[in-house]
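So the chains spell out like this:
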Amino acid sequence: MLLASGVVVVLVGGYWLLKNIRAESGQVGWTAAFIAVVGLASGLAQVVIAGLALRSTGSVPIVSVGMAEAAASDRPGMTTLTAPELVAAHVRGRERLVDEIAALYRWRARREARVHVLYGIGGAGKTTLAQLVARRLAGNGVQVWWVSAATRTGLQTGMRQMAVSLGATDGEIQRAWSGLDGAPDLLWRLLAGYPGRWLLVIDNADDARLLTSADEPVAAGQGWIRPVPTRRGLMLITTRDGDLGTWTPLSRPGPHDLGRGAWCRMHLVGMLDPADGARVLVDYAGERAGSLREADALARRLGGLPLALGLAGRALADARELGLPGSVTTFAGYQAALDARDVLLKRPEGPLIEAQARGLVSRTWELSLGLLDERGMPEARTLLRLLATFAEAPVPTALLDWTAMATSPLFTGLKPDALQGLLKALTGLGLVTLDESQAADQPAGRTVRLHPLIRDTSNSHLHLNGHSDAYLTLAVTLLAGLTQDDDPEDSRRWSDWRVVTPHAIHLLTEANQAPDADTGLITAAADITERACRYLAAVGLYAAARDQLAALLSVRERVWGGEHPFAMAARHQLAHWTGKAGDATSAREQLAALLSIRERVLGPLHVDTLATRHDFARWTGEVGHVPAARDEFAALLPLREVVLGVEHPETLATRHALAHWTGWAGDASAARDQLAALLPVRKRVQGAEHPDTLATRHSLAMWTGWSGNAVAARDELAALLPVRERVFGAEHPDTLSTRHELARWTGYAGDKVASRDQLAALLPIRERAQGVEHPETLSTRHALAVWTGMAGDAAAARDQFAALLPVRERVEGVEHPDTLGTRHELARWTGKAGDRAAARDQFAALLPVRERVVGVEHPDALDTRHELIYWNEQPERS
């Protein structure tokens, strides 16, 4: 009898406690282990209740936390947003347009279009004009941001850094640049709230496709180019694309080819008239080079092209300063030299076209390079062509390793002082621009820029003469040498990888398209690009990493075949970053296909095969197949222990994952015990504050709570939170996850109101940092609804769950465990709010779904079955 009484006490007390402890789980309710210790002497039952729920609503990454997630907001910048220094000594003929644009901040101009497009052929001076505007406005207190759109990567990293400078959180950045939210939406929201006056310059936007999604034009105003919502702001774009339909909605031709639209206006940056062109020549060459009439004639001969005028004027000045016998030092002599070199190059009639501009620039720089030949610098022409082989992006001077260059037949016997002299000479003649503005804070040091027209024309010469392969081989060799010791996931090296990445991608494309490129060259270029993709992923550009990996995979499959280890490695990475970019289902499908190939080709115990099994298990769990993920990790762990060793970081990652998914599958005590055994190993092997170690601490605290010790869970999470805030930042997803769990276990430890209030404070942070529909944000909404009810407001809890359910159905799927957890709680709080019949009917509809999805004996299914019985037995209220 005493034993029976003790059992009754255990069952009643356990039922009451489970009714309270089970409610907050997003997926599972009650499965508990009741251990009744019956004191026969006193007839009292001592009950220890271990409440169990499946999933932590603030999920922790199973494998190593990536550098993008681990990087705080004060990490090294990925790009500079500073306008390039104006290198032209004098700019003529642009004053009126500069004044017009600078005046747009005045009150009278408040209704004017605030997006202005500067278009014209290469060499017309569009960038110089934008630099003039930027310098003028910066001097008047306007905040200026300068972003290059010459490459997709440069545009994406520039806009990302700009969002950071405007105050975007790490969570907002990660979500936007992983493709889960719109990056342009984030940037324009931040710009709309910027309190001061600002100017955004997007330079070299020649490919408008980079500025918007594939299915809409720039003029739609949904990409990076949009109507500026405030008269405090202004956008300036430079481009060779002068098609009005590209840029302007409702555009119509106006005087002088001026297009006006509702929010965008176009300006043709044309050639200088002879008078202004002559003044440019005199500015550079001096009055001793000849009369204004002779300068006027030369300016006409050069078509008024500012780039050609600058090259000619610099060459004349350099020749006069050196005084070499036979050098051309006058305007008339320069014009005669042009005519003598190519009688077919006639004086332009009417406005220049791009092909004529290239011809003019080619002739003017050949005269400049001829001057360097006379000075004993024949390698200058070779260096210019080498620089043109790289991408249309700044080339770090650290890339120009003279020892590697000297071993190439292109630069036989090159000396270091000679290399510096060549760079200085090319800079002095205006053929390249040396930018030292970042040298102090960037390990890559100074960078060299080529005017796009010089680069394009030089490349055309290389391809026509059949010499491009030698230059391409040297460029890849130099890039490999610069990056061989750099870890792309080390945040200290990100500033280097920022300038290297566009060149890596460009050189791989060039090597892949070269008809005679050997396999070794393509292999080297592919290896650099693979590491550049790791950098893109490390800084949070998951979608960019995914896209570049897709291109890399195509190259590797073509060169080596789809089952070569190189190709399979690219497929694995592509699948992984597809998942990180937000598509867990596609990631799992890609890994499933790859796994069968790796098992057949490499064998089931190869380290690469095991890595694919690990990621396949991870994304299996992420799509909702929790028991399958647990079982796959359980089968994988002993294999990794044998192949890699019991303390290898990848083995420890699998141990963590097994514990994590064991808990999600319903065995909280086992998860707790596995994590408790793992934690000291990770501390010793990886360090106490390594992201993996902190992830294990987080999971251990969580499963300690679900195993019945809410106070210990709360205390451990309270100790962990400041560590994660210091290591990751206050709004990093891992930090927010710890805040979520701390709030949860504060409630389970007895303070329901504090739990509700902490979750209420956390929700807007998660919405801002991770997005309103991110699964972890939805988990916080779920938890807030639970603790709103637990704190005494059942009707409010019901209404919150009713609003949350359709969102989870759309975002995660109607049968995802989280969605079913929300359905369960909606039914429960519907009943507690007074509608017993509705609660009963909702549980009756939910039960067969849960039994089919997770199994009839899963804690979720048992919890729903219990609730159905409970609400069936409740009397109707009058």
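Residues numbered from 1 in each chain as written. Predicted model: local features only at pLDDT ≥ 70, side-chain atom pairs only at ≥ 80, totals over all residues. Heavy atoms only, no water.

**Quick look at the overall build of the chain**
Argument step 1. Looking only at helices and strands, the chain features 36 helices and 12 strands.
Argument step 2. Looking at the 878 residues of the chain, the share that counts as buried comes to 56%.
Argument step 3. Taking all contacts inside the chain whose residues are at least 6 apart in sequence as the whole, residues at least 24 apart take part in 70%.
Argument step 4. Here the chain has roughly 34,600 Å² of accessible surface; of this, 53% comes from carbon and sulfur atoms. (Helix = DSSP H or I, 4+ residues; strand = E, 2+ residues; numbered from the N terminus. Buried < 20%, exposed > 50% of the residue type's maximum accessible area, 1.4 Å probe, protein only. Contact = heavy atoms within 4.5 Å. Areas by Shrake-Rupley, 256 points an atom, 1.4 Å probe, with all protein chains shown as cover.)

**Examining the packing of aromatic side chains**
Argument step 1. If you walk through the whole model with that rule in mind, you get 10 aromatic pairs.
Argument step 2. A ring pair is formed by Tyr748 and Trp787, whose centres lie 5.0 Å apart and whose planes are at 65 degrees; its orientation type is edge-to-face. Of this pair, Tyr748 sits in helix H30 (residues 733–748) while Trp787 sits in helix H32 (residues 775–790), placing them 39 residues apart in sequence. Like Trp787, Tyr748 is buried.
Argument step 3. With a centroid separation of 4.9 Å and an interplanar angle of 90 degrees, the aromatic rings of Tyr870 and Trp871 are classed as edge-to-face.
Argument step 4. Residue placement shows Arg114 over the ring face of Tyr105; its charged tip is 5.7 Å from the ring centre.
Argument step 5. Of note, Arg618 hangs over the ring of Trp619, and the distance from its end group to the ring centre comes to 4.5 Å. (Phe/Tyr/Trp six-rings, centres within 6.5 Å; stacked < 30°, edge-to-face > 60°. Lys NZ or Arg CZ within 6 Å of the ring centre and 35° of its normal.)

**A word on the pattern of salt bridges**
Should their charged atoms come close, side chains of opposite charge can pair.
Argument step 1. Counted according to the given criterion, the structure contains 35 salt bridges.
Argument step 2. Between Arg828 and Glu867 there is a salt bridge whose closest N-O contact spans 3.7 Å. In this pair, Arg828 sits in helix H34 (residues 817–832) while Glu867 sits in helix H36 (residues 859–873), placing the two residues 39 residues apart along the sequence.
Argument step 3. In this structure Glu867 comes out as buried when scored by relative accessible area, which is 0%.
Argument step 4. Each member of the salt-bridge network shares a partner with another, and the members are Arg808, Glu812 and Asp818. (Salt bridge = Lys/Arg side-chain N within 4 Å of Asp/Glu carboxyl O.)

**Some thoughts on unusual backbone geometry**
Argument step 1. Although it is not a glycine, Asn204 sits at a positive phi angle of roughly 60 degrees.
Argument step 2. Relative to the helices and strands, Asn204 resides in the loop between strand S5 (198–203) and strand S6 (233–239).

**So, helix H7 (residues 183–192)**
Argument step 1. Within H7, seven of the 10 residues are buried, which leaves it mostly tucked inside the rest of the structure.
Argument step 2. Burial in H7 covers these residues: Ala183, Pro184, Leu186, Leu187, Trp188, Leu190 and Leu191.
Argument step 3. In this structure, the buried side of H7 is in contact with strand S4 (143–148), helix H5 (152–165), helix H6 (170–177), S5 and S6.

**Brief notes about helix H21 (residues 542–560)**
Argument step 1. An ideal rise of 1.5 Å per residue puts 27 Å on 19 residues; H21 measures up with 26 Å between its terminal C-alpha atoms.
Argument step 2. Of the residues trailing H21, Gly561 is marked for its positive phi of about 100 degrees. (Expected span 1.5 Å × (residues − 1).)

**As for the nonpolar core**
Argument step 1. Met159, Trp177, Leu199, Ile202, Trp247, Leu383 and Leu386 are the most contacted members of the largest nonpolar core, which has 159 residues in total.
Argument step 2. Ranked by the residues each element gives to this core, the list is headed by helix H20 (residues 519–538), at 11 residues.
Argument step 3. When near neighbours in sequence (up to four residues on either side) are disregarded, Ile202 contacts Val147, Ala149, Met159, Leu211, Ile225, Met235, Leu236, Ile237 and Thr238.
Argument step 4. In this structure, Ala657, Ala701, Leu804 and Trp829 belong to the second largest nonpolar core, which totals 50 residues. (Core = buried A, V, L, I, M, F, W, Y, C linked by side-chain atoms within 4.5 Å.)

**A short note on the packing of H6 against H7**
Argument step 1. H7 packs onto H6 with a crossing angle of 140 degrees between their chain directions and a minimal axis gap of 8 Å. Classified by the interaxial angle, the pair formed by H6 and H7 is oblique. In this structure, H6 uses Glu172, Ile173, Ala176 and Trp177 to contact H7, whose residues at the interface are Ala183, Leu186 and Arg189.
Argument step 2. In terms of residue class, the contact of H6 with H7 is made up of five nonpolar, no polar and two charged. (Axes fitted to C-alpha atoms, helices over the stretch in contact; angles between N-to-C directions. Parallel < 35°, antiparallel > 145°, perpendicular 65-115°, else oblique. Nonpolar A, V, L, I, M, F, W, Y, C, P; charged D, E, K, R; others polar.)

**So, the packing of helix H25 (residues 626–644) against helix H26 (residues 649–664)**
Argument step 1. Look at H25 against H26: their axes get within 8 Å of each other, and the N-to-C directions meet at 155 degrees. With respect to H26, the element H25 is oriented roughly antiparallel. Helix-helix and strand crossings are classified by hand; for H25 and H26 the assignment is left-handed. Across the interface between the two elements, Val626, Ala629, Arg630, Phe633, Ala634, Leu636, Leu637, Arg640, Glu641 and Leu644 from H25 touch Glu650, Thr651, Thr654, Arg655, Ala657, Leu658, Trp661, Thr662 and Trp664 from H26.
Argument step 2. When its residues are assigned to classes, the contact of H25 with H26 shows 11 nonpolar, three polar and five charged. (Left-handed = near helix turned anticlockwise from the far one by under 90°.)

**Quick notes on the sheet that holds strand S10 (residues 395–396)**
Argument step 1. One open sheet holds the three strands; their spatial order is S10-S12-S11, and the pairing between them is antiparallel. Both edges of this open sheet fall to S10 and strand S11 (432–435), since each of them pairs with a single strand only.
Argument step 2. Where S10 meets strand S12 (residues 447–450), two bridges bridge the pair, whose relative direction is antiparallel. Directly across from Pro396, in S12, lies its bridge partner Thr447. (Pairing = 2+ DSSP bridges.)

**A short note on the pairing of strand S3 (residues 115–119)**
Argument step 1. Among the five residues of S3, five are classified as buried, and the element is accordingly described as predominantly covered.
Argument step 2. Here S3 shows two buried faces, one formed by Val115, Val117 and Tyr119 and the other by His116 and Leu118.
Argument step 3. Here S3 pairs with S6 via five bridges, running parallel. Across the sheet, residue Leu118 finds its bridge partner in S6, namely Thr238.
Argument step 4. Across five bridges, the pairing between S3 and strand S9 (residues 264–268) is parallel. By the bridge assignment for S9, Val115 is matched with Cys264.

**Quick word on the confidence of the model for the chain**
Argument step 1. Summing up the model confidence of the chain, the mean pLDDT is 79 and the portion of residues at 70 or higher is 82%.
Argument step 2. Under a pLDDT of 50 for its full length, residues 1–78 has, in the predicted model, 230 contacts with residues more than four places off or in other chains.
Argument step 3. In this model, residues 438–443 is a region of pLDDT below 50 whose contacts with residues beyond four sequence positions or in other chains number 11 contacts. (pLDDT = per-residue confidence, 0-100.)

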